[in-house]
Amino acid sequence: MLLRPPGYAVVAAALLLACGERAGDPVVALTEEAGAEPDTSSAGAGVDGSHHEADGPTGLCGRCSSSDDCGDANDACVRHDGSSFCARDCEEGFGCPQGYACRELDNSRLHQCVPERECQSQSSVAPDLDDARANVLAHINTLRSAHDQAPLEASPCLDRLAQESALAYARTDEPLGKYVKECDPVWPNCSCGWTAQAEVAVAYYGLDWLSAIDAALGEEQLRGSISELDFQLVGVGFWISGDEAWIALSFG
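Here is what the cut-offs are and how they apply
Residues numbered from 1 in each chain as written. Predicted model: local features only at pLDDT ≥ 70, side-chain atom pairs only at ≥ 80, totals over all residues. Heavy atoms only, no water. Pairing = 2+ DSSP bridges. Helix = DSSP H or I, 4+ residues; strand = E, 2+ residues; numbered from the N terminus. Phe/Tyr/Trp six-rings, centres within 6.5 Å; stacked < 30°, edge-to-face > 60°. Buried < 20%, exposed > 50% of the residue type's maximum accessible area, 1.4 Å probe, protein only. Disulfide = S-S within 2.5 Å. Arc of directions from axis to C-beta. Contact = heavy atoms within 4.5 Å.

**Student:** Explanation requested: the pairing of strand β4 (residues 83-86) in the structure shown.
**Tutor:** Both faces of the sheet carry side chains from a regular strand, because those side chains alternate between them. Note that strand β3 (residues 77-80) and β4 share four bridges and pair antiparallel. Counterpart to Val78 in the pairing with β4 is Phe85. What sits between the antiparallel neighbours β3 and β4 is a turn of two residues, in which Asp81 has the positive phi angle 50°.

The structure is reproduced here in structure tokens:
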């Protein structure tokens, strides 16, 4: 299950950006005339408030050395005035947030969201992963209680699968990719008693992590699955960076 709330409208722009390098490498994205002054000092926070390139993507305006650091295959690492930072494909569902414009790259068919003036700072530090999981579980069980359903229990084994699923979704933009590849072929004999999966992505720049969780779990289709289906265990995966958050729920 994938829920994608409406995003920002794409901002039209006529400015062509300078030629870059081959796909996957950093690309020269902004000329001096563009006027952007990226500031990535607080961008790219992970779930514990620190920067871990090996764990997950850094997101819009996050630090990068190659496009692989930024998100899915359509998001580019760009360079401007000696700095490198992540742009985002503005032709996917979320579009560009306020203060960002959709620009064309000479060496790519993809248009990218880049800051009109400078990268915006995160509104709040991302949470410790245990805190995020506890918050999500509390939301879930409040909803289930309202529908006369037994509370779900946390599963460390499913937590691991859910976190791997959230990171896979963030890196590839492929919903349910880990579940489809690893659980579907052997269901119902999946690891950790894994029987079902739900994944949600939300994108609003400046949204703090509590509001991101509220927005994700407030989606009607996801609320129905949480409140009606007969599960006993749940694992929670959570990643937040740039202006996006990804939540994965692994049920057992």
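**Student:** Got a minute to help me understand the packing of aromatic side chains in this structure?
**Tutor:** What the rule picks out here adds up to two aromatic pairs. The interplanar angle of 80° and the centroid separation of 5.1 Å between the aromatic rings of Tyr179 and Trp194 together place this pair among those described as edge-to-face. On the criterion of sequence distance, the pair formed by Tyr179 in helix α3 (residues 177-182) and Trp194 in the loop between α3 and β9 (196-203) is long-range, its members being 15 residues apart. Its relative accessible area of 2% is what places Trp194 among the buried residues.

**Student:** Looking at this structure, I do not really get the environment of Leu222. What am I missing?
**Tutor:** For Leu222, the position within the fold is in helix α5 (residues 220-228). Leu222 sits in the buried class, given a relative accessible area of 1%. For Leu222 and Glu199, which are 23 residues apart along the polypeptide, the C-alpha to C-alpha distance reads 8.7 Å.

**Student:** Any chance you could explain the state of the cysteines here in plain terms?
**Tutor:** Disulfide: a covalent bond formed between the sulfur atoms of two cysteine residues. Enumeration according to the criterion identifies six disulfides in this entry. There is a disulfide in this structure between Cys96 and Cys113, and the S-S distance comes to 2.0 Å. Of note, the bridge from Cys96 to Cys113 carries an S-S torsion of about -95° and is left-handed in sense. With a gap of 17 residues between them, Cys96 in the loop between β5 (88-89) and β6 (100-104) and Cys113 in strand β7 (residues 111-115) connect regions that are remote in the sequence. Take Cys96: its relative accessible area is 2%, and that puts it in the buried class.

**Student:** What am I meant to see in helix α4 (residues 209-217) here?
**Tutor:** Residues separated by three or four positions in an α-helix point in the same direction, a consequence of the helix having 3.6 residues per turn. Every buried residue of α4 is accounted for by Trp209, Ala212, Ile213, Ala216 and Leu217. For α4, the angular spread of the buried residues around the axis is 115°, confining them to a single face.

**Student:** Would you explain the pairing of β7 in this entry?
**Tutor:** The buried fraction of β7 amounts to four of the five residues, a majority that puts the element mostly inside the structure. Across five bridges, the pairing between β6 and β7 is antiparallel. Looking at β7, one finds that Ala101 is bridged to Val114.

**Student:** How do you make sense of the side chain of Ser155 when you look at a structure like this?
**Tutor:** Secondary-structure assignment places Ser155 in the loop between β8 (153-154) and α2 (156-172). Ignoring any residue separated from it by four or fewer positions in sequence, one finds Ser155 in contact with Leu233, Val234 and Gly235.

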